[in-house]
Every structure is written in C-alpha cells, then in structure tokens.
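An overview of the molecular structure
This is what each chain is made of:
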Number of protein chains: 2
Amino acid sequence: MAHGHIILSAFFFNPQGDHRMSWRHPRAPGREILDFDYYRDLVQAAERAKIDTIFVADHVSIWDSVKSGVAHYANARLEPLTLLAALAGVTRHIGLITTASSSYSEPYNVARFFASLDHISKGRASWNVVTSAMEEEAKNFGRDGNIDHALRYERAAEYLDIVKALWDSWEDEALLIDKESGYFADPARVHAINHKGPHFRVRGPLNVSRPPQGHPLIVQAGSSEDGKNFATAHADAHFAIFSTKEDGVGYRKDINERLARHGRRPESFKILPGILPIVAGSKDEALERQEYLQTLLPDQVGIDLLSSWSGLDLSAYPPDGPVPPLPDESTFNGGHTSLNRVRQWAKQNLTLREVARRLSNSGSVPTVAGTPVEIADQLEDWFVAGAADGFNLMFPLLPEDWHAFAEKVVPELQRRGLFRTEYEPGTLRDRLGLPRPANRFAEQRDNERAVS
Amino acid sequence: MAHGHIILSAFFFNPQGDHRMSWRHPRAPGREILDFDYYRDLVQAAERAKIDTIFVADHVSIWDSVKSGVAHYANARLEPLTLLAALAGVTRHIGLITTASSSYSEPYNVARFFASLDHISKGRASWNVVTSAMEEEAKNFGRDGNIDHALRYERAAEYLDIVKALWDSWEDEALLIDKESGYFADPARVHAINHKGPHFRVRGPLNVSRPPQGHPLIVQAGSSEDGKNFATAHADAHFAIFSTKEDGVGYRKDINERLARHGRRPESFKILPGILPIVAGSKDEALERQEYLQTLLPDQVGIDLLSSWSGLDLSAYPPDGPVPPLPDESTFNGGHTSLNRVRQWAKQNLTLREVARRLSNSGSVPTVAGTPVEIADQLEDWFVAGAADGFNLMFPLLPEDWHAFAEKVVPELQRRGLFRTEYEPGTLRDRLGLPRPANRFAEQRDNERAVS
C-alpha cells in the first residue's frame, strides 16, 4: 500500500513459540517464561531491530477441553496487559499490542487500561479486540457456554463504540491545569457519554485524559464474515490468514470493498497476514527443524486434538492406522474449516499420528522458511504485489527464531529499502501512517456551531 | 507488634498530593502526572530509602457529584494496575499495592492481574480490596446507584474467596516443565475451582501459575463495622484512620478480638494508620504550609462540597457568613461522620469558607508535622505503644513531601534502629513477617490422605 515500508509485528501467545509443543524443545525457555527478564530481552532485541510492534495474544482460560491438555500443553503464562505495561517502562519506540476480550470484561475498565498504557508508553498502545470463542473461557465468567457468534460481534461493536466514546470523553484541549485560575479542566470539554444500549449502560466520563494516539490502535484478528465486517467497520489493522500471494491480493480486494461501504480508504487499514518464519542455512534445514517440532507432540494429545476437531472419539484407534470415516459437514456442529483440513489429510492416506502432528502446528499460517535472502524475497514479493502491508511474525521457537529474524532477515530488508533503519518520531499511529482519530464530542460541537 | 521495624507505605491517590487542591500548588507537577518518568522517579526514591511499599489508591469514575468538581478537581490520572506493572519493571524491592474494585470487575481477571504482577515483580504485588461506594462509579458499570453496603461486603467476601481459590488452582509443585517426559504440569495438582455462589460462578483453573507469594498481599482500607469484619477475616494489612495514640491502642485491641474469632493471631495482621507527614524547619512552618494549601480551594468547590456533606443547598449563602442550621442526624441520609464534623466546626463559629477549607483536607487523617526528629518521635511513640505497625504516608504535596520524608525522616528512624537500612531478601510477605498462605487444594489432599 501507500506506506513506504513493510510493517513487522513480532507475535507470541505461547512464550515458548507458536507450536503447541514448542515448550518441549531443548532450547525453549523453562521457568523463565514467568520471569520479566525473559520478555524484556526479547522485546529490547525487537526494538534494536526497529520492529514496529510486538503482539501478545491471550485467552481467559486454560486449554482443558482436550483431556490431555492440562498435562502436556503449556497452559501457565503471564497476563499480557500487566506484561506489556511492564515492557512499556523499559522500551521507547516499539508498539505494544495485546488482546482483551470484549465478552468478558467491562468497557470502562478496558478503556482505562489502554488509555493508561498509551500515556505510559507515550502513544504505543494497541488493543486487539476479541470476542472469546472457547467454552472454557465462558465458564470462567458465569456462563454455561459461549455467547452466540453473531451476538458476540454485535456486543463487541457496542462495546468498542463505548470505549472509543470514553477515550473521547476528555477532548484534547480539556486539560487546562491552570494553577492560577484554579481550572484543572474545561467543563465544556469533558463529557459524560451517557451510553444506553442493548448490552451496556455507561455514563462516563473516563478518569484518564485523552490518550496520546487519540484512540489506541485497534486491531482485529478474525477472518470470519462477522470478523471481517467488524474489522473494516472499526479497526485500524487486521491480522489475517492466507496461504498464497494470490489469496492475499484477493483478500485485499474483498477488504477494500468492505472498507468502501464504510467510506474508508484502503490506506486506513493495514493487513498483516501471519507467517511462520524459520531462518536456516537452507530450505531443507528449515524443514527438518519444523519436523522435529512435530515429533514433540505426545500421541495422547494428538489423538485428543483430532477427536475434538473431528467430533469422533478416536481414543481406541491405533495411532499408526488410518483416519476412520469423518462426519458429514452438513450435520457437523464444530469448526468446519478444521474438519475439512482433517478430511484433506485423511484422503492423502496419512495415519492418525501424522494428521495429529500436522494439526499441532498453529492454525493454517504458511511457513516462510529458508535463508535470510529467501525469506526477504518472499516478504518483498507479497508486499510489492499488494498482498500484505506487513506480517505477523509467528515464530515456531522462542527466543531463537525471534532473534534470528531480527538479526538476519531485518538487515536484508533494510538493505533493500523495505524496512526502516531508525524509528520515525511520533506515536505508533504516526509510524504506521494512520491518522489520529477525530474526537466525536469536539466534532459534534463544531457541527452544532456550523448549523447555528 | 512482634515485627522488628516500622512498616512505611508511601501513598497517593492524587499524584499531586493528598489535598483536594494540591495540584494548584506552584511546586506541584503539571502535565507530568501523565508521564511515566514522574512515577519512576518517585518510586525509585522510595526504594533508595528502603520504604516497604507504595500504595496507589483508585476510583473507577471522576468526581462530578459536586458540580464544580470537573472544573476544579484533578480528575484525570493514570490507571494504577498498568502504572504499577510498569513500575515493577524498573524497581527490585519495593512492594506494589493498588486498589481494585470487587464490585466492578470480574474475579478471574483480577486474579490474573495480581498473579501476573506478582510474577513480574518477583513477589511484590498487593491488592487493596475495595467495594466502591461512589454513585458515579456505579453508573459507569450499568447500575443506577450503589450496591447496598452490606451486600457489597457479602459480594466482596465471595469474590475474594474465588480469587484466592484461583491463586491456589495451580499448586506450587504443579508446574513440571519436564521436556523429556512431555509433562508440562501435573494434572493432579491443577484444579478447577467449580465455584457456584450467590453472586458468581467461576470454573477455573487460572491460566497463571501460583504467584510467588502464594497469595499476593491482601489489604483492606475501610473502618466501618463491615469493613473491619471483612479485613480481619480476609486481609493481611489494614489501612486505618485514627487521631491519637490512645485511639490506636484501642483500635488494635478491638481488631485483635475480631482476629481471635477467626482463629488468627495479632501478628498476622498489620495495622497502618494514615498520617499526613509534613517535614519542615519548625511546627509553625509546617502549619503555614498546610494553611497555604487550604487557600487554594476555590470558594465554589468549598460550598459545593459543604452542600453535599450537609445535605443542604448552600449555594446562595455568603461564604463569609455562618453555617445555617444543619439537619438532624436521625433523618439524615448521607454520611453521619462527615455531618458531625461539619456540626462541630459550625459550633466553633467558623464561616462557610473556613469549614469548607477544613473539609478539603483528605479525610480525618492526623497531620504529623515538624522537624525530622519531631516526626520520628511521634512515629516511634505510636509504634512502641502498639498503636501502629507502621504508617500509610499520605503526603499533602508531591513530589517534595515524599522526597523530604525519604531523605530526612527515614535516616532518623534508621538511626534509632526502627527502620531497615537494607532490604531483606524475599517477597513482600517475607519482609512484612507474614507467612505464605497454604494452598487449599494441597491441604485438602493432605487431609484426605490423613483420613484414608
């Protein structure tokens, strides 16, 4: 897009890397995942490489729908808002994105957290809005099961509107701090929002003044219809999943049409597809590394995973045998995308264990593996074709894949003029070429003035 | 009490100091209250002085029940959890206490925040449990008015029990991270809490492993009957308000009786009365400084304040005139303590303005003013008499009163052997001489074993 360089966002959910079993790798961190120093080192390395943002994903539960999940999956981790706030204090430039659930929190609290993080970081905060889809999450918040998908997004839209109104509830000029006159604020520029909607009632104003970015950057990460509609209506950046450059170009076209419906231009919306970057001496070496990670999946977890994705109880089937007949899509109540991936592999005559191992890779994000030059080639190719404004870097193994990318791929991109060599001044929005949002209350008053 | 030295906790709610109008003082901070550096400097100074904890209070609304509040009161501030997390990253020893409302948040989220802050800070996190009493707060969270006082505390007790259970949901030995066997955790030591109570349903387990302190330190700050009962049942430390050493001795006696009902010993519960310390060359100079702060109260705010505390509309009365007849306590619906303070001053023939200025001091916390030696004398006197385990230092003007205390009073207390000269190793609980709480699930299993 119009913006001059590739946007790079360094991601993690599992602090050991973005494979379900990364934690078992001999070079993965152990107990240091609970130690702030581990994250400080990671993020300061990213900042040395001039990476745009780090992105810490989140769930509000452990993963125990699969019985073997508690034993074999790395369920314990730090909470990301407190972690990012701590990181804000020891970094100066890098953007700080984290997930917060609009289904299981209060809009007044979330508005405060991100407004405050934006002040503390001098304009580097970003909220990845999620609606939370796991049954395990619902049960930690007084519910028996998930809120219905469409309703979750309707609620999320109302929730986000409240949060943005609260960020606007102090106009930029509201804060006077005039010691002489005794006016701390201009009452005409501090607004109750008096929101009364189907899901929430919030009076306001916020007790944090307007964030440096106006609104902290809004990110959205779901590629369902509801997700894409929500993103193009409300978000600034979008984490997407597609496998080829052609898919990316098509995805951008579809997104642009949706943006136009909201009167938005393509440049106002950054698309960052997820990739799994593996820097290695050769493609073969990269593949070997990936296959090694797959061997770390205990059979039990693989079978449990496959059972839950296929809706069948496969615990009695031999791991080296074939996948039994799968349910028909029309009557299947689970995730259809997952089921169809399993079906595809089953057709290739893979064994249960082999299918399970493939499932253990995170989602369907493409691997971009090879030498630094080969990786830079592919990123450049997608970027120049308009398939991506940048990339969500989902490293299979931390910290080494993160460091390898920062130290080897970034310089290659810099040499090609595709990536910054110094941070530009300003906020995260400034650096991404995204405008500072207007204040709805200031606009209202201007409009009223124009009319009268 | 048994513990060897005075506990010192450096407090703020208003980052300009603990007078409603401190922000107007020529030496008070201006826009730097939104800047992390301001707080880093304050807290690092406290850490140099070996202060036990900082305590950042909080409300979840601005103060606009008084009409002039928006114009003249310093309502904009940072959110304290994000602030303390950022401070955790740039400090090593000092305890980090903050308020979170049990009425307007979800127990799963609050359990995560404090567990994570405890990991990030290596055992220095502390939660001041409040039930939130302002109408303005209720209206930011979907309610028309406050939850009834007794019900708030009943809810808070259930809430706190859930949070403690979630902190226990990973036993200390649960985390195996055994790369060889593939066991990340021992499933027998990771527990769903399956809480189903009158106010909450929470399944668990938490997705953060057990905090270094077992449970982050629990603080409570209300001195109502409900507040004291809640504190002695559930808390480790208690911020109290009393005016004299004799009151403090009586307060401790009352608290010890309540503790005994819960099978607790006096040493398990630290009482920290609030004081307003003013270090000056002489008592007169200290008094002058305090009176100067009072002159900063705009008449409008004073009259509005007095109106809301007395239940009368005083806006038409001359500020230099007397206080009109006050309502009878038996029919008064507001705070009785406040009304009686106003009545006492009215009897002394103070004018409206004079009464209003006295009200503008924070609460009824005693001023401890004078030279460093005089202040140390008073702290020692209360401590040795058993009236206080330490003090909640509510500085009228920041940052200078904070720095003066750290640089002048602390060395005097150290000379007397009443305060540490180096931080002891360990967690905040270790330093306060408070035991690490047992894990309820581990205890359950031990009991079951003993029975069988």
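Just so it is clear, the model here is predicted, and its values are computed rather than measured.

Focus: the overall build of chain A
For chain A, the helix and strand inventory stands at 16 helices and 13 strands. Its C-alpha radius of gyration of 23 Å places chain A within 12% of the 22 Å reference for a compact globule of 452 residues. Considering only C-alpha atoms, chain A reaches an extent of 80 × 55 × 45 Å along its principal axes. The 452 residues of chain A split such that 62% are buried. For chain A, the proportion of contacts with a sequence separation of at least 24, taken over those separated by at least 6, is 77%. As displayed, chain A has an accessible area near 16,700 Å², and 49% of this comes from carbon and sulfur atoms. Between the mean site of the 51 positive side-chain charges and the mean site of the 61 negative ones, chain A shows a separation of 2 Å.

Points about unusual backbone geometry
Cis peptide bonds are those with omega within 30 degrees of zero, and the linkage from G204(B) to P205(B) qualifies with -5°. Relative to the helices and strands, P205(B) resides in the loop between strand 8 (201–202) and strand 9 (217–220). Phi at K50(A) is positive, roughly 65°, even though this residue is not glycine. Judged by relative accessible area, K50(A) falls into the buried class, the value being 17%. Look at I177(B): it is not a glycine, yet its phi comes out positive at around 45°. Tracing the backbone shows I177(B) in strand 5 (residues 175–178).

A short note on the confidence of the model for chain A
This prediction gives chain A a mean pLDDT of 93; 97% of its residues lie at or above 70. Two summary scores accompany this predicted model of the complex, namely pTM at 0.96 and ipTM at 0.95.

Notes on the interface of chain A and chain B
Taken together, the 80 residues of chain A in the interface contact 80 residues of chain B. Interface area for chain A against chain B, summed over the two sides, is near 6,700 Å², with a carbon-plus-sulfur share of 58%. Of all residues in chain A, K179(A), F184(A) and R203(A) give up the largest surface area on contact with chain B, accounting jointly for 11% of the area buried on that side. Connecting chain A to chain B are eight salt bridges. Here D144(A) ties to R201(B) by a salt bridge, and the two come within 2.8 Å at their closest N and O atoms. At the junction of chain A and chain B, the tally comes to 45 residue pairs in polar contact (both at pLDDT 80 or more).

A short note on the relation of the copies chain A and chain B
Of the two same-sequence chains, chain A is brought onto chain B (RMSD 0.0 Å, axial shift 0.0 Å) by a rotation of 180°. Taken together, these values place the two copies in the relation of a two-fold axis. Minimal C-alpha distance to the rotation axis in chain A is attained by A86(A), lying at 1.9 Å. When the interface residues of chain A are mapped onto chain B, 100% of them are again interface residues, pointing to one common binding face.

Overview of empty space enclosed by the protein
Enumeration over the complete set of coordinates arrives at eight cavities of 30 Å³ or more. In this model, the largest cavity occupies a volume close to 450 Å³. If you go around the largest cavity, you meet 35 residues; those closest to its centre are S105(A), N109(A), F113(A), N109(B) and F113(B). The class makeup of the residues in the lining of the largest cavity is 14 nonpolar, twelve polar and nine charged. Quantified by volume, the second largest cavity comes out at close to 70 Å³. Considering the residues around the second largest cavity, the lining is formed by F12(B), F13(B), P15(B), Y39(B), V56(B), A57(B), D58(B), R77(B), L78(B), P80(B) and L83(B). Residue composition of the lining of the second largest cavity, by class: nine nonpolar, no polar and two charged.

As for the environment of G263(A)
As for its placement among the helices and strands, G263(A) is situated in the loop between helix 8 (245–261) and strand 11 (270–279). For G263(A), a relative accessible area of 68% corresponds to the exposed category.

A short note on the packing of helix 3 (residues 80–88) of chain B against helix 4 (residues 107–120) of chain B
Residue and element names in this part refer to chain B. Orientation of helix 3 relative to helix 4, taken along the N-to-C sense of each, is 15°, at an axis distance of 9 Å. Relative to helix 4, the element helix 3 is oriented roughly parallel. Here the hand of the crossing between helix 3 and helix 4 comes out left-handed. Packed against helix 3, whose contacting residues are L81, L84, A85 and A88, the element helix 4 presents F113, F114, L117 and I120 at the interface. In terms of residue class, the contact of helix 3 with helix 4 is made up of eight nonpolar, no polar and no charged.

Focus on the pairing of strand 2 (residues 53–56) of chain A
All names here are of chain A. Side-chain alternation along strand 2 places T53 and F55 on one buried face and I54 and V56 on a second face that is also buried. In the sheet, strand 1 (residues 7–12) pairs with strand 2 via four bridges, with the strands oriented parallel. Note that in strand 2 the partner of F12 across the bridge is V56. The handedness of the strand 1 to strand 2 crossover, carried by helix 1 (residues 36–48), is right-handed. Two strands pair when backbone bridges link them, and strand 2 and strand 3 (residues 95–101) are joined in this way by four bridges, in the parallel orientation. Within the sheet, the bridge partner assigned to F55 lies in strand 3 and is I97.

Focus on the packing of aromatic side chains
Counted under the stated rule, the structure contains 37 aromatic pairs over all chains. In this structure, R77(B) is placed above the aromatic ring of F13(B), and the distance from its NZ or CZ to the ring centre is 3.9 Å.

Regarding helix 8 of chain A
Given 3.6 residues to a turn, an α-helix orients residues that are three or four positions apart in the same direction. All names here are of chain A. The terminal C-alpha atoms of helix 8 lie 25 Å apart, and with 17 residues this matches the ideal 24 Å at 1.5 Å per residue to within 8%. Taken as a whole, helix 8 has its buried residues at G248, Y251, R252, I255, R258 and L259. Along helix 8, the residues classed as buried sweep out an arc of 125° about the axis, all on the same side. Across helix 8 from its buried face, at more than 90 degrees, point the exposed residues E246, K253 and R261.

Each value, and the rule that gives it
- Residues numbered from 1 in each chain as written.
- Chains lettered and ligands numbered in written order.
- Predicted model: local features only at pLDDT ≥ 70, side-chain atom pairs only at ≥ 80, totals over all residues.
- Heavy atoms only, no water.
- Helix = DSSP H or I, 4+ residues; strand = E, 2+ residues; numbered from the N terminus.
- Rg over C-alpha atoms; globule rule 2.2 N^0.38 Å.
- Buried < 20%, exposed > 50% of the residue type's maximum accessible area, 1.4 Å probe, protein only.
- Contact = heavy atoms within 4.5 Å.
- Areas by Shrake-Rupley, 256 points an atom, 1.4 Å probe, with all protein chains shown as cover.
- Lys, Arg positive; Asp, Glu negative; His and termini not counted.
- Charge placed at Lys NZ, Arg CZ, Asp CG, Glu CD.
- pLDDT = per-residue confidence, 0-100.
- Buried area = accessible area lost by both parts, 1.4 Å probe.
- Salt bridge = Lys/Arg side-chain N within 4 Å of Asp/Glu carboxyl O.
- Polar contact = N/O pair within 3.5 Å; in protein donor to acceptor, adjacent residues only side chain to side chain.
- Least-squares fit on C-alpha atoms with pLDDT ≥ 70 in both.
- 1 Å grid on protein atoms, 1.4 Å probe; cavity = no way out; pocket = protein on both sides within 12 Å on 5 of 7 lines; lining within 4 Å.
- Points joined across faces, edges and corners; volume = space filled by probe spheres on them.
- Nonpolar A, V, L, I, M, F, W, Y, C, P; charged D, E, K, R; others polar.
- Axes fitted to C-alpha atoms, helices over the stretch in contact; angles between N-to-C directions.
- Parallel < 35°, antiparallel > 145°, perpendicular 65-115°, else oblique.
- Left-handed = near helix turned anticlockwise from the far one by under 90°.
- Pairing = 2+ DSSP bridges.
- Right-handed = clockwise from strand over helix to strand, strands pointing away.
- Phe/Tyr/Trp six-rings, centres within 6.5 Å; stacked < 30°, edge-to-face > 60°.
- Lys NZ or Arg CZ within 6 Å of the ring centre and 35° of its normal.
- Expected span 1.5 Å × (residues − 1).
- Arc of directions from axis to C-beta.

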